[in-house]
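One-letter residues, chain by chain:
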Amino acid sequence: MKPSLAVIFLTLFSGSGFGLVALLALDNDFRIGGGFAPIMTAILMGCGLVLVTIGMISSTAHLANPKNAWRAFTRWRSSWLSREGVFAMVFYPFAIADAGWVFFTDDTHGALALLLSNAAAVLGLATIFSQGMIYACLRTIRQWHTPLVPANFYALGFAVGAAILAAARIVTGGPDRALASMAVGLLLIAAVLKAIYYFWIGKPSGTTIQTATGFNRGTVRLLDQGHTFGTFLTREFSNCLNRTRARRLRIAVFMVGFAGPVALLAADLQHSIGLWAITAPVLALLGVGIERFLFFAEAQHVVNLYHGRMPASLPKMPEFMRRKAPSAVPLVAHYDKG
Amino acid sequence: MRLGLVIDLDTCVGCHACATSCKEWNTSSITAPLTDYDPYGKEPSGVWFNRIRHYEVGTYPNNKTINFPMSCMHCENAECVTVCPTGASYKRPEDGIVLVDQDKCMGCNYCSWACPYGARELDRESGTMKKCTLCVDRLYDEALPVEERKPACVLACPAHARMFGDLDDPQSAVSRAVRDRGGYALMPELNYNPTNHYLPPRTRAPVPTHDLGRPSLARKVKEWVNRVIER
């Protein structure tokens, strides 16, 4: 798939924003690390709103005909993309009301404050799920058609959100042990889930150029794709990373997105790192940004089979696992027309 | 009713007449125009509803060239319709034709991601998704003679490799052809349940080549000269 910046920013920033809002509500519910002061709660809620808004605005850049964007709220009964939009829009009034209420009444633990913040949290989490399902429901792209996708979206949203909360606490001073530990834990969970995903997407799918053309008993090779220059299909779907570059980017995801922030926050548990704490969420966001680029660049749509293209960038599964794979048909029939 | 095409891979000669006649009709039809980008330049490209690819099946000497036209399959389980957030994509209940309402489409490309057959192409000029309409504006046009109330590609095909009809009716010509010739749908494992079907090539006795005589010396020299002299 073509990695489009608009969609990368949408999922990256809004996912992080929703993760931040959910953890902020949780933190004030259970007073983890003493909970946040009203002014900090309002600022962090505002921060979450800014992140979500950056995501939502950048998503409109992906539309070729944005004047009809309002119609995207109408098909929530069948479309995950529509559900995402609806949940995100319902999220706004609760999040804004909570930030305003907390700011003007200095009350973070009253019934109304908790109700508003938790409602915003739940709606944000529903939006992350819808966002994951936009990709996970597509049977045409096997790297996306897995429950690991929404699971990863949650894990990464929580990890970045927790890093922001921990950094905010460290910078403003106060009991930071609980929040920093929570962020470290969530970053590690996200890293493990992402590793499982990378391990899993090398699995061969049952769809090959043979099932695509119906000639199941022999080799099928593309002679001519029938057009002299690229088409919408080749521009949108033919993007391929070479394997070395993909591996390097994966290492970057783990170093920048997970190891870096974890090391910083762990260092803070020893003695305070002060303003340097801000680099933890920034690194996490950068790492997840690279992760999101890979998420699109490594996805291979089955229509590529008709163009004789098969994923060259995809890592192969380890041999011992591949033997158990359901498909006996070789994954790559022919790959000679790049 | 479930209107669709049956494409005979035995007789298709790969001439692209279906694609050009499709373009001709549809560029001034209900989802018009089918924009071309840089049509006379170095990188000609544009919107087409029908694309023909060419494959080699099997390995020499037991190989065969297959010309493979593909357009919208008008799937029963059309996920391009269910994923559409705006309701622009819809499947007509009366005849199963999948269409895009150009006034509602916001150009998010999501339906093209959901389509395994590459049937949908975004028009960069109008910003909307376009696709095969099965020439719905011909099928019910009473101003046309009855025999012309068919998709343009079917009328244009010089090899009669394209058949059009109701695949819900077991007695229709298309249903009979699918039954008799072992017609199949593409990528059945994805469960989109496409309406369009493909008829595999007929099995024929191979042309004998073992009894060809050894080439004469004069012919060998001629072939060698042909190889050596660069034209």
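Residues numbered from 1 in each chain as written. Chains lettered and ligands numbered in written order. Predicted model: local features only at pLDDT ≥ 70, side-chain atom pairs only at ≥ 80, totals over all residues. Heavy atoms only, no water.

1. Side note on the pattern of salt bridges
Pairing between side chains of opposite charge can happen when the charged atoms of each approach one another.
Phase 1 of the analysis: Tallied over the entire structure, the rule returns 18 salt bridges over all chains.
Phase 2 of the analysis: The closest approach of N and O atoms between Arg221 of chain A and Glu56 of chain B, which form a salt bridge, is 2.8 Å. Placement of the pair is Arg221 of chain A in strand 1 (residues 220-224) and Glu56 of chain B in strand 4 (residues 51-57), with the two residues belonging to separate chains.
Phase 3 of the analysis: Owing to a relative accessible area of 15%, Glu56 of chain B belongs among the buried residues under this scheme.
Phase 4 of the analysis: Salt-bridge contacts for Arg92 of chain B lead to Asp95 of chain B; the nearest nitrogen and oxygen are separated by 2.9 Å.
Phase 5 of the analysis: Classification of Arg92 of chain B by relative accessible area gives buried; the value is 16%.
Phase 6 of the analysis: Given the relative accessible area of 0%, Asp95 of chain B is considered buried.
Phase 7 of the analysis: In this structure, a network of salt bridges that share partners links the residues Lys194, Glu291 and Arg292 of chain A. (Salt bridge = Lys/Arg side-chain N within 4 Å of Asp/Glu carboxyl O. Helix = DSSP H or I, 4+ residues; strand = E, 2+ residues; numbered from the N terminus. Buried < 20%, exposed > 50% of the residue type's maximum accessible area, 1.4 Å probe, protein only.)

2. Focus: the nonpolar core
Phase 1 of the analysis: Core analysis: the largest hydrophobic core is formed by 150 residues, its most contacted members being Phe91, Tyr135, Trp144 and Tyr306 of chain A together with Phe68 and Tyr117 of chain B.
Phase 2 of the analysis: No other element matches helix 5 (residues 148-172) of chain A, which puts 14 residues into this core.
Phase 3 of the analysis: Excluding residues that lie within four positions of it along the chain, Trp144 of chain A makes contacts with Met1, Tyr135, Ala136, Leu138, Val149, Tyr197, Phe295, Phe296 and Ala299 of chain A together with Trp113 of chain B.
Phase 4 of the analysis: Judged by nonpolar contacts, the second largest core, of six residues, contains Leu167, Ala177, Val178 and Leu199 of chain B. (Core = buried A, V, L, I, M, F, W, Y, C linked by side-chain atoms within 4.5 Å. Contact = heavy atoms within 4.5 Å.)

3. Structural notes on the sheet that holds strand 10 (residues 162-166) of chain B
Residue and element names in this part refer to chain B.
Phase 1 of the analysis: Ordered in space as 10-1-11, the three strands form an open sheet in which the pairing is mixed. In this open sheet, the two edge strands, each paired with only one partner strand, are strand 10 and strand 11 (197-199). Within this sheet the neighbouring strands show an average axis-to-axis angle of 25 degrees, counted without direction.
Phase 2 of the analysis: Note that strand 1 (residues 3-8) and strand 11 share three bridges and pair parallel. Residue pairing in the sheet places Asp8 in a bridge with Leu199 of strand 11.
Phase 3 of the analysis: Strands in contact with helix 6 (residues 173-181) are strand 1, strand 10 and strand 11; relative to strand 10, the strand with the most contacts, it is inclined by about 115 degrees. (Pairing = 2+ DSSP bridges. Axes fitted to C-alpha atoms, helices over the stretch in contact; angles between N-to-C directions.)

4. Here's the deal with the domain arrangement of chain A
Reports often express the size of an interface as the amount of accessible area lost when the parts come together.
Residue and element names in this part refer to chain A.
Phase 1 of the analysis: Here chain A is partitioned into domain 1 (1-61 + 70-137) and domain 2 (178-338).
Phase 2 of the analysis: In this structure, domain 1 and domain 2 have C-alpha centres spaced 27 Å apart.
Phase 3 of the analysis: Summing both partners gives a buried area of about 1,500 Å² for domain 1 against domain 2, and 77% of it is carried by carbon and sulfur.
Phase 4 of the analysis: Here domain 1 is connected to domain 2 by one salt bridge.
Phase 5 of the analysis: Across the pair Glu236 and Lys2 runs a salt bridge, and its minimum N-O distance is 4.0 Å. (Domains from an automatic or database assignment. Buried area = accessible area lost by both parts, 1.4 Å probe.)

5. Some points on unusual backbone geometry
Residues and elements named next belong to chain B.
Phase 1 of the analysis: Cis geometry marks the peptide bond from Ala32 to Pro33; its omega dihedral reads -10 degrees.
Phase 2 of the analysis: Of note, the bond from Tyr60 into Pro61 is cis; its omega dihedral lies within 30 degrees of zero at 5 degrees.
Phase 3 of the analysis: Along the chain, Pro61 turns up in the loop between strand 4 and strand 5 (64-70).
Phase 4 of the analysis: Phi is positive for Leu134, which is not a glycine, with a value near 55 degrees.
Phase 5 of the analysis: Mapped onto the elements of the fold, Leu134 is located in the loop between strand 9 (128-130) and helix 4 (136-139).
Phase 6 of the analysis: The phi dihedral of Met187 falls on the positive side, at around 45 degrees, and the residue is not glycine.
Phase 7 of the analysis: Of note, Met187 is situated in the loop between helix 6 and strand 11.
Phase 8 of the analysis: Given a relative accessible area of 0%, Met187 falls into the buried group.

6. With respect to the packing of helix 1 (residues 5-30) of chain A against helix 5 of chain A
To characterise two packed helices, one gives the angle between the axes of the helices and the distance between these axes.
Residue and element names in this part refer to chain A.
Phase 1 of the analysis: Where helix 1 meets helix 5, the closest approach of the two axes is 7 Å, and the angle between their N-to-C directions is 65 degrees. Crossing of helix 1 against helix 5: the hand is right-handed. From helix 1, Thr11, Gly15, Ser16, Gly19, Leu20, Ala22, Leu23 and Leu24 reach across to helix 5, where they touch Phe153, Gly157, Phe158, Val160, Gly161, Ala162, Ile164 and Leu165.
Phase 2 of the analysis: Looking at the contact of helix 1 with helix 5, its residues break down into ten nonpolar, six polar and no charged. (Left-handed = near helix turned anticlockwise from the far one by under 90°. Nonpolar A, V, L, I, M, F, W, Y, C, P; charged D, E, K, R; others polar.)

7. Things to note about the interface of chain B and chain A
Phase 1 of the analysis: Counting residues at the interface gives 60 residues for chain B, matched by 57 residues for chain A.
Phase 2 of the analysis: For the pair chain B and chain A, the summed buried area comes to about 4,600 Å², and 58% of that belongs to carbon and sulfur atoms.
Phase 3 of the analysis: Together, Tyr55, Met106 and Trp113 of chain B form the three largest contributors to the area buried by chain B at its contact with chain A, with a combined 17%.
Phase 4 of the analysis: Here chain B and chain A share two salt bridges between them.
Phase 5 of the analysis: Glu79 of chain B is the salt-bridge partner of Arg139 of chain A, the closest N and O atoms lying 2.1 Å from each other.
Phase 6 of the analysis: Our count for the contact surface shared by chain B and chain A stands at 30 residue pairs in polar contact (both at pLDDT 80 or more).
Phase 7 of the analysis: Among the residues forming the side of chain B that touches chain A, the class breakdown is 30 nonpolar, 19 polar and eleven charged. (Polar contact = N/O pair within 3.5 Å; in protein donor to acceptor, adjacent residues only side chain to side chain.)

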